[in-house]
Amino acid sequence: MDFKLILMTIGVSFILAVILGPLCIPLLRRLKFGQQVRDDGPQSHLKKKGTPTMGGVIILLAFTLAFVKFSVRDTDFYVLVVATLGFGLVGFLDDYIKIVFRRSLGLTARQKLFGQLFFAAVVCILLAKMGHSTFVGIPGTSWGLDLGWFYYVFVVLMMLAISNAVNFTDGLDGLLSGTSAIAFAAFTLIALQTSEIAAAVCGAAMIGATLGFLVFNVHPAKVFMGDTGSLGIGGAIAAVAILTKTELLFIIIGGVFVMEMLSVIIQVVSFKLRGKRVFKMSPIHHHFELSGWSEWRVVITFWAVAIVLAALGLWINKGL
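A word on the state of the cysteines. For the structure shown, the criterion picks out zero disulfides. The thiol sulfur of Cys24 is not disulfide-bonded, and the nearest other cysteine sulfur, from Cys202, lies at 20 Å. A residue is classified by how much of its surface remains accessible, and Cys24, at 13% relative accessible area, is buried. Free cysteine: Cys202, not disulfide-bonded; nearest cysteine sulfur from Cys124 at 17 Å. Relative accessible area serves as the criterion here: at 0%, Cys202 is assigned to the buried category.

This part covers the layout of surface pockets. The computed volume of the second largest pocket comes to approximately 240 Å³. Forming the boundary of the second largest pocket are 15 residues, of which Ile138, Pro139, Thr141, Lys245 and Asn317 lie nearest the centre. Tallied by class, the residues present in the lining of the second largest pocket amount to seven nonpolar, six polar and two charged.

A few words now on the side chain of Thr246. Relative to the elements of secondary structure, Thr246 occurs in the loop between α8 (226-243) and α9 (250-253). If sequence neighbours within four positions are ignored, Thr246 has contacts with Phe187, Ile190, Ala241 and Asn317.

Parameters at a glance
- Residues numbered from 1 in each chain as written.
- Predicted model: local features only at pLDDT ≥ 70, side-chain atom pairs only at ≥ 80, totals over all residues.
- Heavy atoms only, no water.
- Disulfide = S-S within 2.5 Å.
- Buried < 20%, exposed > 50% of the residue type's maximum accessible area, 1.4 Å probe, protein only.
- 1 Å grid on protein atoms, 1.4 Å probe; cavity = no way out; pocket = protein on both sides within 12 Å on 5 of 7 lines; lining within 4 Å.
- Points joined across faces, edges and corners; volume = space filled by probe spheres on them.
- Nonpolar A, V, L, I, M, F, W, Y, C, P; charged D, E, K, R; others polar.
- Helix = DSSP H or I, 4+ residues; strand = E, 2+ residues; numbered from the N terminus.
- Contact = heavy atoms within 4.5 Å.

Below, the structure written as structure tokens:
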């Protein structure tokens, strides 16, 4: 019955996203919510200037309608809603300011951090209220550590790291849509095995929403998700990992996101300390583009890596 519920959730969410696409994309175009392109990026990206962005509203709307329809209203439900829609709201405000007020940076770093911290804190309050375990296990072993009150500090840092790592991955047509759907598929299977039904339904709703969005986001993209989508997706992945007690397993299942974030950190640290760049451009997907790979080749390769890492994560978690 649970598996049937998951399939229904994926199907409904996918159909909703496919229906919402033709409704939202022309509206975003009329509102002139167009993508701004970095002048120092790959020259092939210049033709993307003006493509509608903030398409993450398609993902979040499809996700919300499907999740509310098929999930039970328990504390887990509210944790997942706050993490997904809360972080998505921060991304929406960032996108809105960038586009409407013509501010290239959108929210300031401090404003964005405050928003993320606020919703992460609400998640921690809900977790404490439900008596969520503060034990963090090492994947594939029976070892771990009960962090006590420090667990909530860990959760906040984890949500910030994951949401930003996912955000860095959104840079090529279909890249984040595909890799996030793969990660959600792995976490949904884990949630089913651990009887975390709300987390499983959340993952399923996100699988359908991101795949439905991919219909319009695949190369050449008709719409981009913007921070609205990427931060919302990041919040959802973090919440599902927390509820399924696979916090550290994200490092493997979400290995593509981790790689993207590390490439940015390495690039910044190297340039500040050595005055030299390690990559031609970061995040690392742009490095491969500037090395001569086509955009589609980079995306397909990253999807393949995401599938391998998801399978490895399931195997380590004894899910295969």
